[in-house]
Structure formats: structure tokens, C-alpha cells
Amino acid sequence: MKKIGVITSGGDAPGMNAGIRAIVRYGIYLGMQVYGIERGYAGLIEDTIYPLNMRSVSDIVHRGGTILKTARCPEFKEKEGQDRAIEIIKKRGLEGIIVMGGDGSFMGAKILSERGIPTIGIPCTIDNDLPYTDYTIGFDTAGNTALDAINKLRDTMTSHERISIVEVMGRHCGDIALYAGIAGGAEMILVPEKKFTIESLCKKLIESYDEGKKSGIIVLAEGAGHAEDLAREINARTNFEVRATVLGHIQRGGGPSMVDRILATKCGVHAVKLLKKGVGNRVVGIKNNKIIDMDITEAISLKRKFDQSLYNIAEIVSL
Ligand code: ADP
Ligand code: F6P
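Residues numbered from 1 in each chain as written. Chains lettered and ligands numbered in written order. Predicted model: local features only at pLDDT ≥ 70, side-chain atom pairs only at ≥ 80, totals over all residues. Heavy atoms only, no water.

Visitor: Would you explain the packing of helix 1 (residues 16-29) against helix 9 (residues 258-276) in this entry?
Guide: Two numbers describe how helix 1 lies on helix 9: the axes approach to 8 Å, and their chain directions differ by 35°. Once helix 1 is placed against helix 9, the crossing between them reads as right-handed. Residue-level contacts link Ala18, Gly19, Ala22, Ile23, Tyr26 and Gly27 of helix 1 to Arg261, Ala264, Thr265, Gly268, Val269, Val272 and Lys273 of helix 9. Considering only residue class, the contact of helix 1 with helix 9 consists of 7 nonpolar, 4 polar and 2 charged. (Axes fitted to C-alpha atoms, helices over the stretch in contact; angles between N-to-C directions. Helix = DSSP H or I, 4+ residues; strand = E, 2+ residues; numbered from the N terminus. Left-handed = near helix turned anticlockwise from the far one by under 90°. Contact = heavy atoms within 4.5 Å. Nonpolar A, V, L, I, M, F, W, Y, C, P; charged D, E, K, R; others polar.)

Have a look at this one:
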């Protein structure tokens, strides 16, 4: 394979740029030409594709976001959009594609592979919600951003003897809340995978208040509820004074952590190696600290398993 393209698609994740850099430079090292496709799958439909060289990816390894931009492209879910994309890929002479994104983007990668364009997926999402890989690119950075906020909030909560509810991202997956919550010593961690009632939550808080705990942090994943609503409920039912903070898209930005840059670099290199061999329809990831690849269909059909043992530890070491 001589000519390949790279796409960043879906929600952006810190580390995408480090991945693009690795793909371009490793591709060139193997004698390939690498093309950047702008704004996710929309770039394939609108033909916004341009060559990338060693210098195009200078000075980006430490930057969040993606130099290729990203987009959600509903047209690509339809046959007409896919036909147009295939036409453009052929016209441009691209022999393989690397898609950096989440599970939605991988559906697109599967379709491209099925239609004869070898395509490889690289897991990029801050949510860490792809079951086939232990970690996704962007999760570590986002978790550290949340942790930094938790640390800062704890200072002021302790001074004022208040409770802080910190709402973090994660619609279906509570990993940001779980990891940042444990690392930040949160008194409670609320995730979409674990049901809770306001009554039991307030009961725990009242008990700990009676035992002398006058301040604390509750980390709430967005999929488990809204910080303002929960603050109102706790204010009404306990003696605690509660404040709510929603971190929102701050978690999606910022320079990637060392862990995310290394993971993105390793995944990028592995993806290029697969395409060089003519292999498509695979996703790359990390399992037990080893870079792996797996059939896309198999990867997206796996059901995510919640880390119950880590959650149990959180319950024991909190409050
Ligand atoms: P993520 O990749 O972060 O999960 P999305 O679910 O928004 O983000 O998907 C990103 C893009 O991937 C979509 O806008 C669309 O272009 C493409 N995509 C998602 N689902 C499909 C699908 N079933 N078939 C084809 N393309 C899809
Ligand atoms: O990247 C995943 C995610 O951050 C979710 O946790 C969040 O709900 C969603 O994306 C928001 O994305 P957007 O505002 O781009 O639609």
C-alpha cells in the first residue's frame, strides 16, 4: 500500500494529534504517502483531502483537539453518502484509511472495509467506553483534568465545610467519574452503571456528618444525573451546604498526558503497519499493556463490562 488517508471523527479526544503525527511520520518512513481528510467522514464526501508531510505534523504532539478537525456526519450513515465517499476515495487513489474515533466512527470504518477499502480504527474517546481495549486515547487526559478540578474544589469545600458535586462527562460509561473520583479521594462516586436513590445517598451523608465529616466531594457522571438537581435534593434533606460544578467540555480539551501521547503513537504506528500489509477491517487497542488489533465487527459487538472490583474499592476507601 502506497497511499493512505487519516480521518478524525466523532467527539474529539486529547491525543488525536499525537496519533496523526505518528501515522504520517511512520507512513513516510515506510515509503507511503499520507493524506489528511478533514472534518470526519464529511471530508470524504466533500473531498477536503490534502497531503501531509513531515512538517505538516510539527509542533502538534502536545496539543489537544485535532488539526484535521472533526465532525458528526449523518450523510455518511446513508448509502448515498457512502457511495460518494467511495467515489472520492477511488478518485484520490487512496488504498487504505485510518479512522480515529469512537464506536460510531468504527461503524463507518466497518462499512468502508466491507466496500473494499481496507480501514483501521484507532480508539479515541475521553469516555473509555470501548470494551475491546483497556483504555481509549483521551481518557487519561480527561481524567486528570477532572482530578485537577476535584483537588481545587476540595480546598474551598474544606474551608467552608461544604459538599461539592462535580459533574463529569460519561453518558453511559462512568469511568471518568470512577477513576478521577478514586484518585481525588471523593466521598461518593455516582455512575450510570450503578443505580442509587437520593434517600440512601442522603442517609450516608448524614451518618458521616454525625461522625464528624463536614465537607466532601461527590463525583457524578453526567449519565447518572445532573449536579444542580442533586445539589438541590441534598440541600433540602441534610444540614450540608452544597455547591454544584459542571466540568463539561473542559474535559475534552488541553494538552494530552504522557500516557495518551504514547498510546496514540503506538496505536498510530500499529495501524500503519497493518495497512502496509494490506490488512483492513481491524481496530487497534491496548490489552494487558500490549498493543493489539481485532476484527471491527467483533470489537463493536462486545458488551462493556463495568469494573465492579474497582467500584468496590472506591466504596471501601471513601467516606
Ligand atoms: P463517536 O465516533 O465518537 O462514537 P459518533 O457516534 O457521533 O461519534 O459517530 C461519528 C460519525 O461516525 C458519525 O457522525 C457518522 O459520520 C459515522 N457513523 C456513526 N454511526 C454510523 C453508522 N451506523 N454507519 C455509518 N457511519 C456511522
Ligand atoms: O466524547 C464523549 C462525550 O464527551 C460524552 O461524554 C458527552 O456527553 C458528549 O461527548 C458530548 O459531546 P458533544 O457536545 O460534542 O455532542
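Visitor: Which parts of the structure should I look at to understand the site of ligand 2?
Guide: Around ligand 2, the neighbouring residues are Arg72, Ile126, Asp127, Met169, Gly170, Arg171, Glu222, His249 and Arg252. Asp127 is positioned with one of its side-chain polar atoms (N or O) 2.9 Å from an oxygen atom of ligand 2. Within the complex, 79% of the 400 Å² of free accessible area of ligand 2 lies under protein. Tallied by class, the residues present in the shell around ligand 2 amount to 2 nonpolar, 2 polar and 5 charged. (Near = heavy atom within 4 Å. Polar contact = N/O pair within 3.5 Å; in protein donor to acceptor, adjacent residues only side chain to side chain. Areas by Shrake-Rupley, 256 points an atom, 1.4 Å probe, with all protein chains shown as cover.)

Visitor: What exactly am I supposed to notice about the sheet that holds strand 8 (residues 216-221) here?
Guide: Consider a sheet: its strands pair through backbone hydrogen bonds, and that pairing is either parallel or antiparallel. Read from one edge of the open sheet, 4 strands run 7-8-6-9, paired in parallel fashion. Only two strands of the sheet have a single partner each, and these edge strands are strand 7 (188-190) and strand 9 (242-246). Across the sheet, the mean angle separating the axes of adjacent strands is 15° when strand polarity is ignored. Bridge count for strand 7 against strand 8 is 3 bridges, and the pairing is parallel. The partner of Ile189 across the bridge, within strand 8, is Val219. (Pairing = 2+ DSSP bridges.)

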